[in-house]
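Here's the letter readout for the chains.
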Amino acid sequence: MKKFTGLLLVTLLHGFLPQTVLAQDDKTALVPLPSVDDFTRGNDGWAFALGAGIEYETAYEGSDEFGFEVQPAGAIQWRRGDDIFYFAGEALGWRGVRADTWLLEALIGFDEGREENESDDGRLDGLGNTEEGFEVVLQARRAFSNDWRYWLVSRLVTGDNGNLALFGVGRRFGDKTDGSGSEINLVAVFHDSKYANTGFGITAEQSLASGLAETNLSGGLRSIGIDYNYRHNINENWQIFAEALYEHFSSDVRNSPIARGNYEAEVGIGFIYIF
């Protein structure tokens with residue numbers, strides 16, 4: 001579940017579309033944010049979408065190696081009013097809107113862990129694999145107004161590998177309320193010592209096997225990040241999306257021998273078919 005999203009195009013429609021056009025897609029999405037999947041077209045009941053994307057990303061957290069990876073996209077959703085229940089790949093969750101300016105979300109997801117062979121250059125040799133496991137994710141966004149132009153965001157990720165928290169601010173571009181358009185988020189990410197050492201710590205046993213210095217990290221600031229999301233409805237059924245992320249690690253993380261780079265980055269694009 002180590003993921004962030006966003007980049008391709010910025011659509012600036014404010015002030016150029018007549019009100020009659022804006023009214024046609026009014027309130028079709030739960031919230032008008034391209035980072036929040038909503039395939040229901042504003043209708044209660046079931047919705048299905050299937051697609052795929054290709055990502056160019058770092059091989060693992062802290063890596064200076066990059067590669068392409070194909071990822072599935074889409075979801076099965078069931079909507080009732082201001083609530084959506086969904087299954088999307090490795091996540092089962094709920095999201096709902098309250099008082100027009102609160103978006104709340106809870107999900108159970110899957111952390112794939114890290115495998116020693118993810119480094120083609122052998123930089124993880126001797127460190128073994130980190131354990132896979134389930135994570136619980138709780139998120140809240142608070143918009144400054146019901147048009148969701150600006151908002152605050154917070155997220156808590158907790159699981160067997162520790163805890164991570166995120167706090168930030170966001171900005172939406174465009175005036176459509178069908179979930180298309182683009183958005184940008186600036187966030188600060190914090191982790192506890194268990195989460196930090198799962199990704200960047202090196203035990204005495206791992207040190208002997210790998211030749212890397214034993215490393216034990218404390219909790220605190222993990223990174224400062226920025227992510228960008230874009231979504232466009234090509235027609236009634238086809239949708240294109242794009243995403244990008246840049247996460248700059250704190251000095252504590254960068255001091256770990258696992259962090260060969262000072263940042264993590266990702267760019268992706270894909271298509272979804274809505275049934």
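Residues numbered from 1 in each chain as written. Predicted model: local features only at pLDDT ≥ 70, side-chain atom pairs only at ≥ 80, totals over all residues. Heavy atoms only, no water.

Naming follows an unreviewed UniProt entry, where the protein chain appears as MipA/OmpV family protein of Rheinheimera baltica. Listed in UniProt under the heading Sequence similarities (unreviewed entry), the comment for the protein chain reads: "Belongs to the MipA/OmpV family." (UniProt positions renumbered as here; feature names shortened; annotations may be inferred.)

## Digging into the side chain of T130
Looking at where T130 falls in the secondary structure, it is placed in the loop between β5 (102–111) and β6 (133–143). Within the structure, the side chain of T130 is placed 2.5 Å from the backbone nitrogen of R114, a separation counted as a polar contact. (Helix = DSSP H or I, 4+ residues; strand = E, 2+ residues; numbered from the N terminus. Polar contact = N/O pair within 3.5 Å; in protein donor to acceptor, adjacent residues only side chain to side chain.)

## Looking at the sheet that holds strand β9 (residues 181–191)
The 12 strands lie next to each other as β1-β2-β3-β4-β5-β6-β7-β8-β9-β10-β11-β12, forming a closed barrel whose pairing is antiparallel. Neighbour to neighbour, the strand axes of the sheet diverge by 20° on average, direction disregarded. Where strand β4 (residues 91–98) and β5 come together, seven bridges link them in antiparallel fashion. Its bridge partner being in β5, R98 is matched across the sheet by W102. (Pairing = 2+ DSSP bridges. Axes fitted to C-alpha atoms, helices over the stretch in contact; angles between N-to-C directions.)

## Topic: the pairing of strand β3 (residues 83–88)
Across five bridges, the pairing between strand β2 (residues 66–80) and β3 is antiparallel. Looking across to β3, one finds that I76 is bridged to F87. Between the end of β2 and the start of β3, which pair antiparallel, lie two residues, with G81 showing a positive phi angle near 65°. Once β3 ends, the chain turns through two residues before running back antiparallel as β4, passing G89 with a positive phi of about 65°.

## Description of the environment of D82
Examined against the element boundaries, D82 turns out to sit in the loop between β2 and β3. Of the residues examined, D82 reaches a relative accessible area of 34% and is grouped as partly exposed. Through-space distance from the C-alpha of D82 to that of S180 is 18 Å; in sequence the pair is 98 residues apart. (Buried < 20%, exposed > 50% of the residue type's maximum accessible area, 1.4 Å probe, protein only.)

## Section: unusual backbone geometry
Only a minority of non-glycine residues have a phi that is not negative, and only a minority of peptide bonds are not trans. With a phi close to 55°, A99 is a non-glycine residue in the positive phi region. Position of A99 relative to the elements: it lies in the loop between β4 and β5. For A99, a relative accessible area of 66% corresponds to the exposed category. Although it is not a glycine, W148 adopts a positive phi angle of roughly 55°. Its place among the elements puts W148 in the loop between β6 and β7 (150–159). Since its relative accessible area comes to 2%, W148 is described here as buried.

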